[in-house]
Structure formats: structure tokens, C-alpha cells
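Residues per chain, in single letters:
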Amino acid sequence: MSDQKARIIDIALHAGVSTATVDRVLNERPGVREKTVRKVLEAAEWLSRSGGRPQVLAPELTGLTLDVMLGGQPGFAKDMLISALRGTARELGVTLRMRYAQKAKVPELSSALNEALAEGTNGVIMEPIEHPLIRDKVNELAAHGIPVVSILTPLPDADVVFYSGMDNRAAGRTAGALMGHISGRKGKAAIFMSDTLYRSHEERESGVRTILRQDFPDITVLDVITMGDNPSAFYGRALDLLDRHPDLTSICNLGAGNRGIERALLEKGRSQDMAYIAFNLTPLTRNALLDGTVDAVIHQDMVKISDMAMRAVGNFHAGLPIEARRAPSEIIMRENVHDIRGSKEMAVAGRE
């Protein structure tokens, strides 16, 4: 046994709170929840009696209420993210309010942010639209002490505490490199994207174009095709593209709508000789990998991204530093698709 007084930093690490919170508790100043007070005092007593080193605990998240606001159209990728967020929330004891889902309009998102502020929230996890009004609303939340985490797509110049997602420009460069090599460094390249509301798609497009321009000068990059998330619209544009450009050798789709492109390639007999790169592994892209229509998928783990987002909110409330880091991007091909988390569930879902 040891009677040595524990250091404030050790108590903070062991209790999963900030040093300022520990100082406030030890000096009996108000403003700390009773549950946190007990946790700090118990950590101090244990460290003083045992003389042991602190066990670094995750910030306390139990009991927090977070608002989640996602954009875009319904689909497997969005469903997977929502499922991951809900699963992480259950594990961490967090209550989620899905205030805004499957839309991509500035007024609706702005209204949802107003509602979260008015009704009270411990934090917002959002897929932001890059617009001055949205930046202002995010900054307003921050001014009220409410942490905002952007998920999947960043929001530069806004007061967000964390971006949870992959480096989209690097992911785009990776997609471009795959297109160049698989196509044999020749021909024309087409880029499809859902819309221009999300910075993530712009960064991916920039990455694809940059690497093709730098490393594959014999490939001509066509104008980007923007068609929302509608597979039927993608199908029509892909058919037209294949008719007008018989020398097309590579396609990259930065968002949703892959099913329409795949259908066009199959009808034109081009499904096996086109370098086709997609984003996000879903039951549909998994099936396309297995039959050879899609050559590679740039993937980000939605469970990891959800966990990073919620723990950033926890760190904010605990007064702990929030490490600036990106979720890893993975290259998924037919040969390693079975190694990806949830691959069995995707196989079942893809047959439904």
C-alpha cells in the first residue's frame, strides 16, 4: 500500500476527464456532475492507495444525446452508415436523434441545425453541405458550446471539432492510379459523381484528375458527369458515353449510381474490358467485384468512422485533446473482398 498523493494528470487519465475537471473536484468548486465527481474521487483514492499507474479510460459518453444529420439518397452505403452509427451508440450508451436523413438541401439542413440548438443537444454529427449558411449555423452551435463533427465529407473554415472520414483527395489519387494501370495507360477516362454539394466528391475528382494528368499523359479525361444518385439517369448517360466514345477505357464513379453504369456496360458488352473503379463496398459493388464488372472499390470502414466521430464528441466534453487523424482508405478487389468486415452480411443482402 502507498499513501503518496496522486498527481492530477494521473487522476485525469484514470478517470477519463480533463485536468481542469479534476482540479475543480479536488477544490470542491461547483459545475461538475455528481457522477463525474464520484469517478474522480474514486480514481484519486485508488491511485493514492495502490501507487499504481493510471489506466487510460475512454471519455465518458454514457447519457449523451447526439443529433445525426445525413444527406444524399437512400441506398446501401447510407444504410450501412446509419446502422454503424446506431450500433456504436448502443455500445457507448449514447442516445441518437436522426433529425435529418436522405436529403441534400440547404434549407432542410439549416432547419435541422436550428432544431437541435433549440431543443438541446450534446453534439451534432453531420454530413455537411458546403454552403455559407451551413457554415454560419455550425459556428453558431460552436459558440453555444455544442461540438459539431463532420462525417464522410469535411467542412473547411467552419468551427467543427473533428472530421471523421478518409482523405478523399488521396483516395481519388488512388482511384486514378488504378484506372491508369488497369486500362493500359491509354484511351479515355470518364468520371461520374452524384452531385457537387459535397466537398468529398470534389476532392476525389481532383485527386483522380491530378494523378491521371501527372502519371498517365496518354489518357484523355472527359468532362465530369453529374447525375445525382439516380441509377436510371446514370444508365442513360453511360449508354450515350459508350456510343460516343468507343475508345473509352476507364470509368470512375465517385458516389452512388453504380448499378446504372454496370447495366450499360453489360448491354454494350464492355463489362470485362473496362477499368471500372467505384467507391464504398456495398452488397451491390461486392457482387460487381465478384462478376468482374467492377475492378476495384475504394472503401472506408463505416463502423470505425462512427466510433471516431462519437469519441471525438466524448473527448470534447471531457476536455481531452482531439487528435486530427483520418480513417484509412482500403483498396478492395475480388481477391480480398471476403476479408472485409460484414462481407457475409453483404452477400446475403445483395441477393435480396
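Our structure is the block above this text.
Residues numbered from 1 in each chain as written. Predicted model: local features only at pLDDT ≥ 70, side-chain atom pairs only at ≥ 80, totals over all residues. Heavy atoms only, no water.

Side note on the pairing of strand E9 (residues 248-253)
On a regular strand, one side chain projects to one face of the sheet and the next to the other, so that they alternate.
No. 1: With six of six residues buried, E9 lies mostly within the body of the structure.
No. 2: As paired elements, strand E6 (residues 188-193) and E9 share five bridges and run parallel to each other. By the bridge assignment, Phe192 is partnered in E9 with Asn253.
No. 3: Of the pairings in the sheet, the one linking E9 to strand E10 (residues 275-279) comprises three bridges and is parallel in character. Paired with Ser250 across the strands is Ala275, a residue of E10.
No. 4: After leaving E9, the chain enters helix H10 (residues 258-267) and then returns to the sheet as E10, a path that is right-handed. (Buried < 20%, exposed > 50% of the residue type's maximum accessible area, 1.4 Å probe, protein only. Helix = DSSP H or I, 4+ residues; strand = E, 2+ residues; numbered from the N terminus. Pairing = 2+ DSSP bridges. Right-handed = clockwise from strand over helix to strand, strands pointing away.)

Concerning the environment of His317
No. 1: When you line up the elements, His317 lands in helix H12 (residues 302-318).
No. 2: The exposure class assigned to His317 is partly exposed, which follows from its relative accessible area of 37%.
No. 3: In this structure His317 touches Leu64, Asn122 and Pro147, once residues within four positions along its chain are discounted.
No. 4: Separated by 2.6 Å, the side chain of His317 and the backbone oxygen of Asn122 make a polar contact. (Contact = heavy atoms within 4.5 Å. Polar contact = N/O pair within 3.5 Å; in protein donor to acceptor, adjacent residues only side chain to side chain.)

Comments concerning the side chain of Gln300
No. 1: Looking at the element boundaries, Gln300 is found in strand E11 (residues 296-300).
No. 2: At 3.4 Å, the side chain of Gln300 forms a polar contact with the backbone nitrogen of Met166.
No. 3: Excluding residues within four positions of it along the chain, Gln300 makes contact with Leu152, Gly165, Met166, Arg204, Asn280, Ile305 and Pro328.

Observations concerning the pattern of salt bridges
Side-chain pairing between opposite charges can occur once the charged atoms of the two side chains come close.
No. 1: Under the definition given, this model contains 21 salt bridges.
No. 2: Residue Arg99 pairs with Glu115 through a salt bridge whose shortest N-O separation is 3.3 Å. In this pair, Arg99 sits in strand E2 (residues 95-103) while Glu115 sits in helix H5 (residues 106-119), placing the two residues 16 residues apart along the sequence.
No. 3: Among the residues examined, Glu115 registers a relative accessible area of 35% and is labelled partly exposed.
No. 4: The salt bridge involving Arg334 is made with Glu335; its shortest N-O contact spans 3.8 Å.
No. 5: Several salt bridges share partner residues, and in doing so they unite Asp67, Arg97, Arg99, Glu115 and Glu119 into one network. (Salt bridge = Lys/Arg side-chain N within 4 Å of Asp/Glu carboxyl O.)

Here's the deal with the packing of helix H9 (residues 231-244) against H10
No. 1: Direction vectors running N to C along H9 and H10 enclose 35 degrees, while the axes themselves pass 7 Å from each other. Along this stretch, H9 crosses H10, giving a crossing that reads as right-handed. The residues of H10 that touch H9, namely those facing Pro231, Phe234, Tyr235, Ala238, Leu239 and Leu242, are Arg259, Gly260, Ile261, Arg263, Ala264, Leu265 and Glu267.
No. 2: For the contact of H9 with H10, the residue count by class is nine nonpolar, one polar and three charged. (Axes fitted to C-alpha atoms, helices over the stretch in contact; angles between N-to-C directions. Left-handed = near helix turned anticlockwise from the far one by under 90°. Nonpolar A, V, L, I, M, F, W, Y, C, P; charged D, E, K, R; others polar.)

Let's talk about H10
No. 1: Within the sequence span of H10, burial applies to Asn258, Gly260, Ile261, Glu262, Ala264 and Leu265.
No. 2: Positive phi appears at Gly269, one or two residues downstream of H10, with a value of about 70 degrees.

Read these as geometric descriptors, not functional statements.
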